[in-house]
Amino acid sequence: LTHAFAESLPLLLLLAVFIFIFTVLGTQLYGTKVNFMNPTDGPRFGFYALWQSAYTVFIVITGESWATIMKETVLIAGGGAVVYFLTLFLLGNFVVLNLFVCILIDSLGQCDEDEARD
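Residues numbered from 1 in each chain as written. Predicted model: local features only at pLDDT ≥ 70, side-chain atom pairs only at ≥ 80, totals over all residues. Heavy atoms only, no water.

Engineer: Kindly report on the overall build of the protein, identifying the contributing residues and their values.
Structural biologist: Of regular secondary structure, the protein possesses four helices and zero strands. Its helices and strands taken in sequence order, the protein reads α-α-α-α from the N to the C terminus. The proportion of buried residues among the 118 residues of the protein is 33%. A separation of at least 24 residues holds for 60% of the contacts in the protein among residues at least 6 apart in sequence. (Helix = DSSP H or I, 4+ residues; strand = E, 2+ residues; numbered from the N terminus. Buried < 20%, exposed > 50% of the residue type's maximum accessible area, 1.4 Å probe, protein only. Contact = heavy atoms within 4.5 Å.)

The following block contains the structure:
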């Protein structure tokens, strides 16, 4: 298990840097416009604060109703938000997150093979 964690550590760091970059970018682009953290507004996401933006980026990367977040942001901030969200979702979900899962599963499989040989 420690071998699997050691192999996935660089990619975990890459994922953290990726999330940080899109968090800061989202805060800069949409920080003054998009803020839905009030429960009476409905969805709880936004870009007003850095932690709020990181939470929103994590939701989009995991794919949990990211289209709703994109739709609400486009209605408020304009059509340029589509580029931000599609880039975030495609790079974050399909490339970085799946690569992390792939390396983790491969490392765990190698650990099982090593234990079977012993």
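After that view, the rundown keeps rolling.
Engineer: Requested: an account of unusual backbone geometry, with residues and values cited.
Structural biologist: The phi torsion at S65 lies on the positive side, around 50 degrees, for a residue other than glycine. Checked against the element boundaries, S65 lands in the loop between helix 2 (50-62) and helix 3 (66-77).

Engineer: Please provide a residue-by-residue account of the side chain of T27, values included.
Structural biologist: Checked against the element boundaries, T27 lands in helix 1 (residues 2-30). There is a polar contact of 2.8 Å between the side chain of T27 and the backbone oxygen of T23. (Polar contact = N/O pair within 3.5 Å; in protein donor to acceptor, adjacent residues only side chain to side chain.)

Engineer: Break down the packing of aromatic side chains for me, with residues and values.
Structural biologist: Scanning the entire structure with this criterion turns up eight aromatic pairs. Both rings, one in F18 and one in F22, keep their centres 4.8 Å apart while their planes meet at 50 degrees; by these two values the pair is tilted. Taken together, the residues span about one helical turn, with F18 and F22 both in helix 1 at a distance of four residues. F18 sits in the buried class, given a relative accessible area of 12%. Overall, F22 belongs to the buried group, its relative accessible area being 9%. Consider the rings of Y30 and Y84, whose centres lie 5.6 Å apart with planes at 70 degrees: the pair is edge-to-face. Of this pair, Y30 sits in helix 1 while Y84 sits in helix 4 (residues 81-117), placing them 54 residues apart in sequence. With respect to burial, Y30 and Y84 carry one shared label: buried. An aromatic cluster is defined as three or more aromatic residues linked by ring pairs; in this entry it consists of F18, F22, Y30, F47, Y84 and F85. (Phe/Tyr/Trp six-rings, centres within 6.5 Å; stacked < 30°, edge-to-face > 60°.)

Engineer: So what about the confidence of the model for the protein? Which residues, and what values?
Structural biologist: Looking at the protein, the pLDDT average stands at 82 and 85% of residues meet or exceed 70. Mean pLDDT per element in the protein: helix 4 is the minimum at 79, and helix 2 is the maximum at 90. (pLDDT = per-residue confidence, 0-100.)

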